[in-house]
Amino acid sequence: MTLQVNEVTKIRRKVMTETARLHWNGNLIKEIDQLPERLTAEHEHRYRCCEFKEKAIYAERIKLAMGLSLAPEHAKKRLSTLARHSLTHSHEKNRSQVEVIDIACDGCPIDKYFITNACRNCLGHNCQQACRRGAITIVGNQAYIDQSKCVECGMCRKACKYGAILEVHRPCEAACPVNAVIADQNRKAIIDNGKCTDCGNCMVSCPFGAISDHSQLLKIIDWLKGEEKTVAMVAPAIIGQMGQKEKLGPLFQALKQLGFDRVEEVSFGADLVALGESEEFANRVPVKDPYMLSSCCPAFVKFVKIHRPGQAEYLSTMVSPMVAMAKTLREDLPLAKIVFIGPCVAKKREAMESKVVDGVLTFEELAALFVAADINLATMEEAQEEASKASKDGQGFAAAGGVRAAMVNGIKRFADADFRGGSAQGLEECLAQLKLLEKSEASFNFLEGMACSGGCLGGPGALVDNRQTKRFLDVRGSQLECQNSGDNRLAIEKLKDLGHSLHKSSKK
Amino acid sequence: MTKITVGLCAGTSCHLMGGMDLGTVIEELKVKLGDDLQVQKHTCLNQCRKGPNVMLNGMLFVGMTPEQLKNEILALHDREEENNHDTTGQ
């Protein structure tokens, strides 16, 4: 699927940018109440029935951009009151990461098959013959589906010679690999938090832009403007996201201009994980366990825990590269605010639960913040980048197959290890491979599971199509001095220091 | 020789609003039109709130979609070709 910026995406980005701009300039409380009106006036196109509904939807989007939930207790309050609340209260912990904007949800049809006016009421009535449930009758001059009898098998659609039967999907439901998006009695989408893995797939697939996650822009702006030391940790998938191809120099300079005291690459944390996880594999498989699953993608980990609980024990105990990197930084900077910047929605929850990462921004939110602060990376093209501490293997974690590739290299340190790596991208594919492992029918004994197609480069917070960014990743990777995690001396030393604390089971 | 100059704004604001998609259109048309299409890059066209923005033969176009840009460039190219044809035909 080609990533293209559509109107819905533009609206979401505009809201983020303008909300961030108000806070960046210190005008949030004073001007936020007028923002829905201003955005409605600025936008020439009308999408909804009336101006009032557009304003109401903008107000909901602004709440999410301010990091607030759309809970009923926030419904009737002024945005300025809510903004004050958001600035002074820490965010509610146990709520959903992804939310449906009820008034923006169009309540798409639930019935999967429709008979359109192209129906000729022919003599053949193939549709009626094909339906084994007797759900099709002829009413007036057209075939009609009795939805209470229809089992959505699709045989009628195949049988109709005129192609008069239409198959309709609710895009949000079709996008959710775990059936966590369901319709309520008014056909509005709701998210079952017991099933949701926070992958963010539904957010980018809703053509009405009715699903969105909570942004942490406001609190991060506060940290950047405040006295605290701040560290930006950028995921390796950041390559090419801001339009500077494989160059990271302009991005690092822009982050410092934004107010971050330090900028670090999470790919160094990925080196630590590649080293630690290959060691763990050599110790566990095949003696203790038949196979092992990667643990760096939080949506995949949550997917296994909720939907494949029997296989959860085979997950690697290593923390993710994000957490590994934060633990490395915590040694020198115990009180700093550490902000992870990546393409991922699920990382927001993982960060909150990790207690070592203070905040998360997606690439989309970061770009909005740059615009809000009037920072233009195109004017910084000449900025030089410092030598990377990470290897090509560590950086490769950003793309599907990258973890497996790093493991292949990492495992070479253990001569007698029997490593056969597999990888899966997208939760459907992950599920298929997990089933193979369960039935002992898999040709591999290590599975890299990535919830997003293309790996992190294809994450919901990405700005550029992953086929382009993959090329930039490969170019930069080939230029890095250190190619394999196993040759990264600094990472090997760090792993010795931190060793146990990088495993989830340890209390340290 | 027909010359069209197109300059995409590569600023962060236009990038966020989908400038890359316009870049893809320009790349495609460059293959088709070859030397007839001169490609430039701007760091900012000072209309950030209306992006993504493009300069086309010295004229500023704001809030462009890939389809609009493609149509504008092709229409311009056709007009220029016609003009050239008229002058050489005389």
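These figures come from a predicted structure and were not determined experimentally.

Help me understand the overall build of chain A, please; the structure alone is not making it clear to me.
Looking only at helices and strands, chain A features 21 helices and 15 strands. Computed over C-alpha atoms, the radius of gyration of chain A comes to 25 Å, within 12% of the 23 Å expected from 2.2 N^0.38 for 508 residues, which places it in the range of a compact globule. Referenced to the eigenvectors of the C-alpha coordinate spread, the extents of chain A come out at roughly 80 × 60 × 40 Å. Expressed as a percentage of its 508 residues, the buried residues of chain A come to 57%. For chain A, contacts bridging at least 24 residues in sequence account for 74% of all contacts bridging at least 6. As displayed, chain A offers around 22800 Å² of accessible surface, 50% of which is attributable to carbon and sulfur atoms. In chain A, the 68 positive side-chain charges and the 63 negative ones have mean positions that sit 4 Å from each other.

Is there a simple way to explain the packing of aromatic side chains in this structure?
The way to describe two aromatic rings as a pair is by their centre distance and the angle between their planes. All names here are of chain A. Following the criterion strictly, the structure yields 4 aromatic pairs over all chains and no others. A centroid spacing of 5.5 Å and a plane angle of 40 degrees characterise the contact between Phe419 and Phe446, whose relative ring orientation is tilted. Separated by 27 residues along the polypeptide, Phe419 in the loop between helix H18 (402-410) and strand S14 (421-425) and Phe446 in strand S15 (residues 446-450) bring together distant segments of the chain. Here Phe419 falls in the buried class, since its relative accessible area comes to 15%. One aromatic cluster in this structure is built from Phe281, Phe419 and Phe446. One Lys or Arg, Lys225, reaches over the ring of Trp24 and ends 4.2 Å from the middle of that ring. Its end group placed over the ring of Phe340, Lys347 keeps NZ or CZ at 5.9 Å from the ring centre.

Help me out: how do you make sense of the sheet that holds strand S9 (residues 230-234) of chain A in this one?
As a general point, the strands of a sheet are linked pairwise by backbone hydrogen bonds and lie either parallel or antiparallel. Residue and element names in this part refer to chain A. Judged by pairing direction, the sheet is parallel, and its 4 strands sit side by side in the order S10-S9-S12-S13 without closing on themselves. A single partner strand is all that each edge strand has here, and the edge strands are strand S10 (262-265) and strand S13 (359-362). With strand direction ignored, the average angle separating the axes of adjacent strands in the sheet is 25 degrees. Docked against the sheet, helix H10 (residues 217-225) engages S9, strand S12 (337-342) and S13, running at close to 115 degrees with respect to S13.

I'm lost on the pairing of strand S3 (residues 136-139) of chain A in this one. Help?
The two faces of the sheet receive side chains in turn, since in a regular strand these alternate between them. Residues and elements named next belong to chain A. Both S3 and strand S4 (residues 142-145) contribute to a ladder of 4 bridges, which runs antiparallel. Opposite Val139, over in S4, you have Gln142 as the bridge partner. In textbook terms, the turn of a hairpin is the stretch between consecutive antiparallel strands, and for S3 and S4 this stretch comprises 2 residues, one of which, Gly140, has a positive phi near 60 degrees.

Looking at this model, I keep getting lost on the domain arrangement of chain A. Mind explaining?
Accessible area lost on assembly of the parts is the figure often given for the size of an interface. Residues and elements named next belong to chain A. Once the domains are mapped, chain A shows domain 1 (1-89), domain 2 (96-107 + 177-215), domain 3 (113-167) and domain 4 (219-500). On a C-alpha basis, the centroid separation for the pair domain 1 and domain 2 is 18 Å. On the side of domain 2, 14 residues touch domain 1, which itself brings 16 residues to the contact. Summing the contributions of domain 1 and of domain 2, the shared interface buries around 1200 Å²; its carbon and sulfur component is 60%. Looking only at domain 1, the three residues that lose the most surface to domain 2 are Arg12, Arg48 and Leu64, adding up to 38% of its buried area. In this assembly, domain 1 and domain 2 are joined by 0 salt bridges. Inspection of the domain 1/domain 2 interface yields 6 residue pairs in polar contact (both at pLDDT 80 or more). Of all the secondary-structure elements, those providing two or more residues to the side of domain 1 that touches domain 2 are helix H1 (7-24) and helix H4 (51-65).

Just checking my understanding: could you explain the interface of chain B and chain A for this structure?
Counting residues at the interface gives 19 residues for chain B and 28 residues for chain A. The largest contributions to the chain B side of the interface with chain A come from Thr12, Leu16 and Arg49 of chain B, which together make up 40% of the buried area. There are 2 salt bridges connecting chain B and chain A. The interface formed by chain B and chain A holds 9 residue pairs in polar contact (both at pLDDT 80 or more) in total. Counting residues per element, the side of chain B that touches chain A draws most heavily on helix H1 (residues 12-16) of chain B, at 4 residues.

I keep staring at the side chain of Asp184 of chain A and nothing clicks. Help me out?
All names here are of chain A. Its location among the elements puts Asp184 in the loop between strand S6 (181-183) and strand S7 (189-191). No salt bridge is formed by the buried Asp184; its nearest oppositely charged neighbour, Arg170, is found at 6.5 Å. Among the polar contacts made by the side chain of Asp184, one reaches the main-chain amide nitrogen of Asn186 at a distance of 2.9 Å.

Looking at this structure, how should I read helix H12 (residues 267-284) of chain A?
Each α-helix turn comprises 3.6 residues. Residues three or four places apart therefore point the same way. Compared with the 26 Å implied by 1.5 Å per residue over 18 residues, the 25 Å span of H12 of chain A between its first and last C-alpha is a close match. Counting buried positions along H12 of chain A yields 15 of 18 residues, so the element is predominantly enclosed.

What should I look at first to understand the nonpolar core in this one?
Soluble, globular proteins show a tendency: their nonpolar side chains are buried together. Residue and element names in this part refer to chain A. Membership of the largest hydrophobic core comes to 88 residues, with the highest contact counts inside it found for Met233, Leu251, Leu255, Leu258, Ile341, Leu366 and Phe370. Take this core: its biggest share by element is 8 residues, from helix H16 (residues 363-372). The residue makeup of this core includes at least three contributed by each of domain 1 (1-89) and domain 4 (219-500). Setting aside chain neighbours within four positions, we find Leu255 in contact with Ala232, Val234, Phe260, Val263, Ile341, Leu366 and Phe370.

Help me understand the confidence of the model for chain B, please; the structure alone is not making it clear to me.
The predicted coordinates of low-pLDDT regions are not to be read in fine detail. Looking at chain B, pLDDT values average 87 and 92% of them are 70 or higher. Helix H3 (residues 66-89) of chain B is the least confidently modelled element of chain B, averaging 81 in pLDDT, while H1 of chain B averages 95, the highest of any element.

What exactly am I supposed to notice about the pattern of salt bridges here?
A side chain of one charge can pair with a side chain of the opposite charge if their charged atoms are brought near each other. Residue and element names in this part refer to chain A. Tallied over the entire structure, the rule returns 35 salt bridges over all chains. The shortest N-O distance in the salt bridge between Arg78 and Asp33 comes to 3.2 Å. With Arg78 in the loop between H4 and helix H5 (79-88) and Asp33 in the loop between helix H2 (28-31) and helix H3 (35-42), this residue pair connects regions lying 45 residues apart in the sequence. Among the residues examined, Asp33 registers a relative accessible area of 24% and is labelled partly exposed. Between Arg330 and Asp358 there is a salt bridge whose closest N-O contact spans 2.8 Å. Of the two residues, Arg330 is situated in helix H14 (residues 321-332) and Asp358 in the loop between helix H15 (346-354) and S13; the sequence distance between them amounts to 28 residues. Overall, the relative accessible area of 17% leaves Arg330 in the buried class.

Rules used in this analysis
Residues numbered from 1 in each chain as written. Chains lettered and ligands numbered in written order. Predicted model: local features only at pLDDT ≥ 70, side-chain atom pairs only at ≥ 80, totals over all residues. Heavy atoms only, no water. Helix = DSSP H or I, 4+ residues; strand = E, 2+ residues; numbered from the N terminus. Rg over C-alpha atoms; globule rule 2.2 N^0.38 Å. Buried < 20%, exposed > 50% of the residue type's maximum accessible area, 1.4 Å probe, protein only. Contact = heavy atoms within 4.5 Å. Areas by Shrake-Rupley, 256 points an atom, 1.4 Å probe, with all protein chains shown as cover. Lys, Arg positive; Asp, Glu negative; His and termini not counted. Charge placed at Lys NZ, Arg CZ, Asp CG, Glu CD. Phe/Tyr/Trp six-rings, centres within 6.5 Å; stacked < 30°, edge-to-face > 60°. Lys NZ or Arg CZ within 6 Å of the ring centre and 35° of its normal. Pairing = 2+ DSSP bridges. Axes fitted to C-alpha atoms, helices over the stretch in contact; angles between N-to-C directions. Domains from an automatic or database assignment. Buried area = accessible area lost by both parts, 1.4 Å probe. Salt bridge = Lys/Arg side-chain N within 4 Å of Asp/Glu carboxyl O. Polar contact = N/O pair within 3.5 Å; in protein donor to acceptor, adjacent residues only side chain to side chain. Expected span 1.5 Å × (residues − 1). Core = buried A, V, L, I, M, F, W, Y, C linked by side-chain atoms within 4.5 Å. pLDDT = per-residue confidence, 0-100.

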